[in-house]
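Remarks on the overall topology
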Amino acid sequence: CGQCSQDGEVFMAACKDFQVRLYDANSWRPIKAIHARHVSWAIIDVDHSPDKRWVIYSSWSNYVQLCNVHGDFQIHDALDFIPDAGRFCLFGIKFSPDSRMILGGASGGEMYLYDVDRKERTLRLDAHEDDVNSVCFLDNTGHLVATGSDDNLVKVW
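So, here's what we can say about the structure.

Definitions and limits used
Along each chain, residues carry numbers from 1 onward, in the same order as the chain's sequence is written. Per-residue local features of the predicted model are confined to residues with pLDDT of at least 70, and side-chain atom pairs are confined, for both listing and counting, to 80 or more; whole-chain, interface and lining totals are unaffected and use all residues. Each side-chain value is worked out from all heavy atoms of the structure, with water and hydrogens disregarded. Strands were regarded as paired on the criterion that DSSP finds at least two bridges between them. Under the scheme used here, helices are H or I runs from DSSP no shorter than 4 residues and strands are E runs no shorter than 2 residues, and both carry numbers assigned from the N terminus. Here the axes come from fitting lines to C-alpha atoms, over the contacting stretch only for helices, and the angles between their N-to-C directions go from 0 to 180 degrees. Exposure categories follow from relative accessible area, calculated using a 1.4 Å probe and restricted to protein chains: below 20% of the type maximum is buried, above 50% is exposed, and the middle band is partly exposed. The definition of a polar contact used here is a pair of N or O atoms within 3.5 Å, where within protein one atom must be able to donate a hydrogen and the other to accept one, and adjacent residues in sequence count solely through side-chain atom pairs. Throughout, a residue-residue contact means that at least one pair of heavy atoms, one from each residue, lies within 4.5 Å. What we call a nonpolar core is a set of buried Ala, Val, Leu, Ile, Met, Phe, Trp, Tyr and Cys residues that are connected through their side-chain atoms within 4.5 Å. Classification of ring pairs uses Phe, Tyr and Trp, with its six-membered ring standing for Trp, and accepts pairs whose centres are within 6.5 Å; under 30 degrees between planes counts as stacked, over 60 as edge-to-face, and the remaining range as tilted. Only residues whose relative accessible area exceeds 30% and that form no salt bridge enter a patch; like-charged residues are grouped when within 9 Å of one another, and nonpolar side chains (Val, Leu, Ile, Met, Phe, Trp, Tyr) when within 5 Å. Per-residue and other accessible areas follow the Shrake-Rupley method at a 1.4 Å probe size, with only the shown protein chains counted as cover for residues. Salt bridge, as used here, is a side-chain nitrogen of Lys or Arg placed within 4 Å of a carboxyl oxygen of Asp or Glu.

1. A word on the sheet that holds strand β8 (residues 76-80)
If you trace the 4 strands from one edge of the open sheet to the other, you get β5-β6-β7-β8, paired in antiparallel fashion. Strand pairing shows two members of the sheet lacking a second neighbour, β5 (45-48) and β8, which therefore form its edges. Across this sheet, the average inter-strand angle for adjacent strands is 20°, counted without regard to direction.

2. Observations concerning the side chain of His128
If you trace the backbone, His128 turns up in the loop between β12 (120-126) and β13 (132-137). Among the residues examined, His128 registers a relative accessible area of 7% and is labelled buried. In terms of polar contacts, His128 uses its side chain to reach the side chain of Asp151, at 3.0 Å. Dropping the residues within four chain positions of it, His128 is found in contact with Gly108, Gly109, Thr147, Gly148, Ser149, Asp151, Leu153 and Lys155.

3. Observations concerning the nonpolar core
In summary, soluble globular proteins display a tendency toward joint burial of nonpolar side chains. Membership of the largest hydrophobic core comes to 15 residues, with the highest contact counts inside it found for Ile56, Val64, Leu66, Phe81, Leu90, Phe95 and Ile102. Broken down by element, the residue count for this core peaks at 3 residues, all from strand β9 (residues 90-95). Discounting residues that sit within four places of it in the chain, Phe95 has contacts with Asp47, His48, Ser49, Pro50, Trp54, Val55, Ile56, Leu66, Met101, Ile102, Val116 and Phe137. By size, the runner-up hydrophobic cluster in this structure holds 14 residues, among which are Ile34, Val55, Tyr57 and Cys67.

4. Let's talk about the sheet that holds strand β2 (residues 10-14)
The strands that make up a sheet pair up through hydrogen bonds in the backbone, lying either parallel or antiparallel. Across the sheet, 4 strands lie side by side as β1-β2-β3-β4; this open sheet has antiparallel pairing. The open sheet terminates on both sides in strands that have one partner only, identified here as β1 (2-4) and β4 (30-35). Between one strand axis and the next, the sheet turns through 15° on average, direction left out of account. Judged from the 5 bridges that link them, β2 and strand β3 (residues 19-24) form a sheet pairing that is antiparallel. Following the sheet pairing, Ala14 is matched in β3 by Val20.

5. Describing the packing of aromatic side chains
A full pass over the atoms with the stated rule returns 6 aromatic pairs. Ring geometry for Phe11 and Trp28: centres 5.6 Å apart, planes at 65°, overall edge-to-face. One end of the pair, Phe11, is in strand β2; the other, Trp28, is in the loop between β3 and β4, and 17 residues separate them in sequence. You can call Phe11 partly exposed: its relative accessible area is 23%.

6. Focus on a nonpolar patch on the surface
A grouping of Leu138, Leu144 and Val156 is seen on the molecular surface, where their side chains present a nonpolar patch of about 250 Å² in accessible area. In this fold, Leu144 is placed in the loop between β13 and β14 (145-149). Leu144 gets classed as partly exposed once you look at its relative accessible area, which sits at 34%.

Take a look at the structure:
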């Protein structure tokens, strides 16, 4: 999967070799390569924080991986979403507009909210009858979100 940052300056690609690569979208010059951890099958989703400091990615794991974009050393934190299910995947992940929260849509129909500063899950909600494949914040406040699911519904929360 691939995605541009909100300002269109950075393109991020999750590759089959378990690398998340960041490129300058104007020159296609490589910025950074992150070796993905705890990937059981593939990197499922990626997002770039609006403040341009962080990248997150998910796989078939209880964790979303949080990595720094800039700096001399690499931060690579595993954020535990503490699911109730044995086999778990966050199919859709998005940073909030202020980069402080992560919204996740999961196998099993749940929606999650994770506080990046406090490093803890703050919400788990049975949102759909089937897997939640896509999530997004609908406004700049971060108070309005949408989820899309295999149950053929899009819900606004």
